[in-house]
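Reading the structure
Each chain, letter by letter, is given below.
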Amino acid sequence: MKIYIAIPAHNEADFIGLTLQSLVSQTFLPSKIVVVNDQSTDDTPKIVQDFIEKHPFIQLKNTTSSEAHQPGSKVINAFNAGLAELDENYDLICKFDADLIFPENYLETIVEIFKKDSKIGMAAGHCTIEKNGDWIIENLTDKDHIRGALKCYRKECFTAIGGLKPAMGWDTVDELLAQFHDWKIETTEKLHVKHLKPTGANYNTKASRYKQGKAFYRLGYGFLITGIASAKLAFMKKDYGLFPSYLKGYFQAKKANEPLLVSKEEGKFIRDLRWKKMKGKIIK
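Rules used in this analysis
Residues numbered from 1 in each chain as written. Predicted model: local features only at pLDDT ≥ 70, side-chain atom pairs only at ≥ 80, totals over all residues. Heavy atoms only, no water. Helix = DSSP H or I, 4+ residues; strand = E, 2+ residues; numbered from the N terminus. Rg over C-alpha atoms; globule rule 2.2 N^0.38 Å. Buried < 20%, exposed > 50% of the residue type's maximum accessible area, 1.4 Å probe, protein only. Contact = heavy atoms within 4.5 Å. Areas by Shrake-Rupley, 256 points an atom, 1.4 Å probe, with all protein chains shown as cover. Lys, Arg positive; Asp, Glu negative; His and termini not counted. Charge placed at Lys NZ, Arg CZ, Asp CG, Glu CD. Salt bridge = Lys/Arg side-chain N within 4 Å of Asp/Glu carboxyl O. Patch = residues over 30% accessible without salt bridge, like charges linked within 9 Å, V, L, I, M, F, W, Y side chains within 5 Å. Pairing = 2+ DSSP bridges.

Along its length, the protein chain carries eleven helices and nine strands. The C-alpha atoms of the protein chain give a radius of gyration of 19 Å, which matches the 19 Å a tight globule of 284 residues would have. In terms of principal-axis extent, the alpha carbons of the protein chain reach across some 55 × 40 × 40 Å. Within the protein chain, buried positions represent 46% of all 284 residues. Counting only contacts in the protein chain whose residues sit at least 6 apart along the sequence, the fraction spanning at least 24 positions is 78%. Of the accessible surface of the protein chain, which amounts to about 13,800 Å², a share of 52% is contributed by carbon and sulfur atoms. For the protein chain, the distance from the average site of its 41 positive side-chain charges to the average site of its 35 negative ones is 8 Å.

Following this line, the structure appears as structure tokens:
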């Protein structure tokens, strides 16, 4: 299997070298890596260039987007800029963050997962963060959800879902649409990836706290599922003040009639899927 990787990077000089070193040390090497330098003001492009001199399958793409580190749109616009630099002769396409350290067997194991079942459309390991000297799984979502930091798609699945949407919620809607198109999602606890920065560390809290609720609206969740999802996320983040903010964001998006990320048919499928999953947890 041929693996292509696109890595958005904005001022990642402290981490991008560690990420690239872990990727060039894989037991199964990617065919191409493109790092998208999104108007960094630090040494990010220089560090990438140093790797390019030793590893010709790496390339650097310079691009310019908005200054604000907005959840969703900025990173996916950068990813898409990298994707445009790649041909379509791949089997797997990955969107990786620039602050990860992968175990050396990561890509080899991911390939094995995809090979074992042709209906697996997305696969990944788990992000871990350092806490009190230990690396623990970053517990913001269920373990069957693939974190936005380390997405890997089978080409046919990536095409079926229409690529990645430049909006907050992109890393949820991709999985929901994959299932809508009868693709399977698989995560494995065999692979722990070190996530060097906490999720959302670059986001402006005041500007982004309502965006999660808006994302729930645009995902077609409806009010009841949004309420449950908001309460769960606020609990997992241990910040209960987020719950009313998420609901406020939902109603702001509804009042403004913001465009949904999914069609009417897809929205119904997503709501049914969410209810089924919640009922399954209650029964257990």
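Moving on to the environment of I185. Looking at the secondary structure, you find I185 in strand β9 (residues 184-195). Sequence-wise, I185 and K2 are 183 residues apart; in three dimensions their C-alpha atoms are separated by 20 Å. In this structure, I185 is in contact with M122, D144, I146, E175, A178 and Q179, ignoring residues within four places of it in sequence.

Before going further, it helps to spend a moment on the pattern of salt bridges. Across all of its chains, the model carries 14 salt bridges by this definition. K32 is the partner of D87 in a salt bridge, and the nearest nitrogen-oxygen pair spans 2.6 Å. Of the two residues, D87 sits in the loop between α3 (73-83) and β4 (92-96) while K32 sits in strand β2 (residues 32-38), which places them 55 residues apart along the sequence. With a relative accessible area of 28%, D87 lands in the partly exposed category. With relative accessibility at 25%, the residue K32 sits in the partly exposed group. Across the pair D117 and K184 runs a salt bridge whose closest N-O atoms are separated by 2.7 Å. On the criterion of sequence distance, the pair formed by D117 in the loop between α4 (106-116) and β6 (120-131) and K184 in strand β9 is long-range, its members being 67 residues apart. Of the residues examined, K184 reaches a relative accessible area of 42% and is grouped as partly exposed. Salt bridges sharing common partners tie together K151, D174 and E175.

Next up on the list: a nonpolar patch on the surface. Residues F223, L224, I228, F251 and W275 make up a contiguous nonpolar surface patch of about 480 Å² in total accessible area. Top element by residues in the nonpolar patch is helix α9 (residues 223-236). It accounts for three residues. When you line up the elements, F223 lands in helix α9.

Where strand β5 (residues 100-101) meets β9, two bridges bridge the pair, whose relative direction is antiparallel. Along β9, the bridge assignment pairs I101 with K194. For β6 and β9, the ladder comprises seven bridges, and the chain directions are parallel. Note on β9: the bridge partner recorded for H126 is H192.

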